[in-house]
Amino acid sequence: MSADNSEFKQFDDEQSSDAYRVSAKKTVDEYKELDAEDPALAKWKESLGLGSDVLPLEFPGDKRKVVVQKIQLLVNTEPKPITFDLTNEQTIKELASKRYKIKENSIYKLRITFKVQHEIITGLRYVQYIKKAGIAVDKIDDHLGSYAPSTKTKPFYEVELPESEAPSGLLARGKYSAVSRFIDDDKTTHLTLNWGVEIVKK
């Protein structure tokens with residue numbers, strides 16, 4: 001399944017109408033260099049999560065700012081979550097062709113685990129377009145919040161999206177494809193995922 005960029009182009013255009021713009025950001029290293037001998041400033045930086053225990057990058061030279069480690073699909077009819085390990089490139093590639101079965105009328109939600117590096121991320125959101133037989137049937141736009149770089153005391157963040165109910169009935173059953181993106185206030189896309197589910201009879 002390929003991402004349909006037309007929906008996201010429309011999303012970007014909608015966001016462009018917002019007159020508010022975030023001021024220039026600083027990296028973790030730039031914050032560390034700000035008046036390093038000023039105790040008051042040091043305390044302020046600690047409150048932002050920019051202390052000395054900021055975690056190193058996932059690997060040397062890693063330019064990613066938001067590292068989505070896993071997404072779990074929690075379904076009330078399943079004994080354990082369906083987990084997408086996003087640290088594995090092969091898993092990400094395979095997601096596009098797989099369809100995870102969800103029973104009609106079941107209640108489900110997503111749990112997202114991620115870390116932040118390099119700088120403070122503001123206005124992170126999860127945007128998703130869902131299609132059935134090539135026709136758009138739903139859109140999700142959930143605000144996840146703003147986050148400081150991950151630290152030894154807070155190595156990752158975990159966010160649960162609101163619950164949804166799977167559709168039911170003969171016409172609702174079948175395969176659905178989704179294109180999901182993690183986007184911030186700067187309109188930076190941190191990750192794009194192609195995946196899907198199949199709604200099945202109880």
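Keep in mind that what you see is a predicted model, and the values were worked out from it rather than measured. (Residues numbered from 1 in each chain as written. Predicted model: local features only at pLDDT ≥ 70, side-chain atom pairs only at ≥ 80, totals over all residues. Heavy atoms only, no water.)

J.: Mind laying out unusual backbone geometry, listing which residues take part and the relevant values?
T.: With a phi close to 70 degrees, Asn-105 is a non-glycine residue in the positive phi region. The partly exposed category is assigned to Asn-105, whose relative accessible area is 29%. A positive phi is found at Lys-187, a non-glycine position, where the angle reads about 65 degrees. By the secondary structure assignment, Lys-187 is in the loop between strand 9 (174–183) and strand 10 (189–200). (Buried < 20%, exposed > 50% of the residue type's maximum accessible area, 1.4 Å probe, protein only. Helix = DSSP H or I, 4+ residues; strand = E, 2+ residues; numbered from the N terminus.)

J.: Give a description of the pattern of salt bridges that names residues and reports values.
T.: Applying the stated rule across the entire model yields eight salt bridges. Residues Lys-65 and Glu-119 are paired through a salt bridge, measuring 3.5 Å at the closest nitrogen-oxygen approach. Taken together, the residues span a long stretch of sequence, with Lys-65 in the loop between helix 3 (39–47) and strand 1 (66–75) and Glu-119 in the loop between strand 4 (107–116) and strand 5 (121–132) at a distance of 54 residues. Its salt-bridge partner being Glu-160, residue Arg-111 comes within 3.0 Å of it at the nearest N-O pair. On the criterion of sequence distance, the pair formed by Arg-111 in strand 4 and Glu-160 in strand 7 (residues 157–160) is long-range, its members being 49 residues apart. A residue is classified by how much of its surface remains accessible, and Arg-111, at 18% relative accessible area, is buried. Overlapping salt bridges bring together Lys-109, Arg-111 and Glu-160 as one network. (Salt bridge = Lys/Arg side-chain N within 4 Å of Asp/Glu carboxyl O.)

J.: So what about the pairing of strand 3 (residues 100–103)? Which residues, and what values?
T.: Judged by which residues are buried, strand 3 turns out to be one-sided: Tyr-100 and Ile-102 face inward and are buried, whereas Lys-101 and Lys-103, on the alternate face, are not. Pairing of strand 3 with strand 10, which is carried by four bridges, proceeds in the parallel orientation. Of the residues in strand 10, the one forming a bridge with Ile-102 is Ile-199. (Pairing = 2+ DSSP bridges.)

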